[in-house]
Amino acid sequence: HVLQGQVEKGDRKAAKVTLTSLQAHAAVAQAKTHGPAWSAVGALPWIGPNVSAVQTVSEVIDGLAVNALPTLMDATSVVDPTTLAPVKGRIDLKPLVTAAPKVVAANAEVQTAARSLDAIDPQPLLAAVAAPLADLRTQVAKVALISATAARAVQLLPPMLGADGPREYLLLVQ
């Protein structure tokens, strides 16, 4: 929530600090929720689903913090209306074209994360695991919607705005 608010306000400096902190915590959580002891406990029938859920959550958060969120944060500066403002009747599309592959890859990471979280059956989980999982699903679903929109935009806007050659449009208003 904090990171999203900072990005929405355009506070890139604070967002970078928050992201760095998130990355560090996510890496520690991922490391501490994997290994032989966790595998052994995960085999127990009554606690196993909880262990698996915690491991999946730590993997998802770490993956998003490292592979998706930095790129999506960088993309916010590319799609800033001031950077897309026409200069002498032309829009500099190079930043969009350059960002496109990275944004598409970040979106793929986010969509995979959302599917991984959705695949966890909350029914057998303890409340201490199920409640944070539900909250994380909601947050990742919001990011997934934004990242999907961003991925479509960076793929569609350059050709629409003339990256492949001049374009002419007829605009009719009634």
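Residues numbered from 1 in each chain as written. Predicted model: local features only at pLDDT ≥ 70, side-chain atom pairs only at ≥ 80, totals over all residues. Heavy atoms only, no water.

Draft legend 1. Region of the structure containing the overall build of the chain. Looking only at helices and strands, the chain features six helices and zero strands. Each helix and strand of the chain, ordered N terminal to C terminal, gives the series α-α-α-α-α-α. Referenced to the eigenvectors of the C-alpha coordinate spread, the extents of the chain come out at roughly 65 × 35 × 30 Å. Residue pairs in contact within the chain that sit at least 24 positions apart in sequence constitute 70% of those at least 6 positions apart. With an accessible surface of roughly 11100 Å², the chain has 64% of that area assigned to carbon and sulfur atoms. In the chain, 14 side chains carry a positive charge and 13 a negative one; their mean positions are 6 Å apart. (Helix = DSSP H or I, 4+ residues; strand = E, 2+ residues; numbered from the N terminus. Contact = heavy atoms within 4.5 Å. Areas by Shrake-Rupley, 256 points an atom, 1.4 Å probe, with all protein chains shown as cover. Lys, Arg positive; Asp, Glu negative; His and termini not counted. Charge placed at Lys NZ, Arg CZ, Asp CG, Glu CD.)

Draft legend 2. The arrangement of the environment of Asn 107 in detail. The topology assignment puts Asn 107 in helix H5 (residues 94–118). Along the primary structure Asn 107 and Val 143 are separated by 36 residues, whereas in three dimensions their C-alpha atoms are 9.0 Å apart. With near-sequence residues (within four places) excluded, Asn 107 lies in contact with Ala 144, Ser 147, Ala 148 and Ala 151. Within the structure, Asn 107 has its side chain in polar contact with the side chain of Ser 147 (distance 2.7 Å). (Polar contact = N/O pair within 3.5 Å; in protein donor to acceptor, adjacent residues only side chain to side chain.)

Draft legend 3. Local environment of the environment of Pro 158. Here Pro 158 shows up in helix H6 (residues 127–160). Classification of Pro 158 as buried rests on a relative accessible area of 4%. Contacts of Pro 158, omitting those with residues within four sequence positions, involve Leu 93, Leu 96, Val 97, Ala 153 and Ala 163. (Buried < 20%, exposed > 50% of the residue type's maximum accessible area, 1.4 Å probe, protein only.)

Draft legend 4. A look at the environment of Arg 90. Position of Arg 90 among the secondary structure elements: in the loop between helix H4 (48–78) and H5. For the pair Arg 90 and His 34, spaced 56 residues apart in the sequence, the C-alpha separation amounts to 52 Å.

Draft legend 5. Summary view of the packing of H5 against H6. Between H5 and H6, whose axes approach to 8 Å, the crossing angle comes to 155°. Regarding the angle of H5 to H6, the classification is roughly antiparallel. In the crossing of H5 with H6, the sense of the turn from one axis to the other is left-handed. Its residues assigned to classes, the contact of H5 with H6 shows 20 nonpolar, four polar and two charged. (Axes fitted to C-alpha atoms, helices over the stretch in contact; angles between N-to-C directions. Parallel < 35°, antiparallel > 145°, perpendicular 65-115°, else oblique. Left-handed = near helix turned anticlockwise from the far one by under 90°. Nonpolar A, V, L, I, M, F, W, Y, C, P; charged D, E, K, R; others polar.)

Draft legend 6. Seen up close, the side chain of Ser 58. Residue placement: Ser 58 occurs in helix H4. Its relative accessible area of 6% is what places Ser 58 among the buried residues. A distance of 2.9 Å separates the side chain of Ser 58 from the backbone oxygen of Gln 55, its partner in a polar contact. When sequence neighbours within four positions are dropped, the list of residues in contact with Ser 58 reads Ala 29, Gln 30, Thr 33 and His 34.

Draft legend 7. Spotlight on the pattern of salt bridges. Counted by the stated rule, this structure contains one salt bridge. The shortest N-O distance in the salt bridge between Arg 137 and Asp 118 comes to 3.8 Å. Placement of Arg 137 in helix H6 and of Asp 118 in helix H5 is noted, with a sequence separation of 19 residues between them. (Salt bridge = Lys/Arg side-chain N within 4 Å of Asp/Glu carboxyl O.)

Draft legend 8. Structural detail: the side chain of Asp 62. Looking at the secondary structure, you find Asp 62 in helix H4. Although buried, Asp 62 forms no salt bridge, and the nearest oppositely charged side chain, Lys 32, lies 14 Å from it. In this structure Asp 62 touches Gln 23, Ala 26, Ala 27 and Gln 30, once residues within four positions along its chain are discounted.

In short, geometric facts, not functional conclusions.
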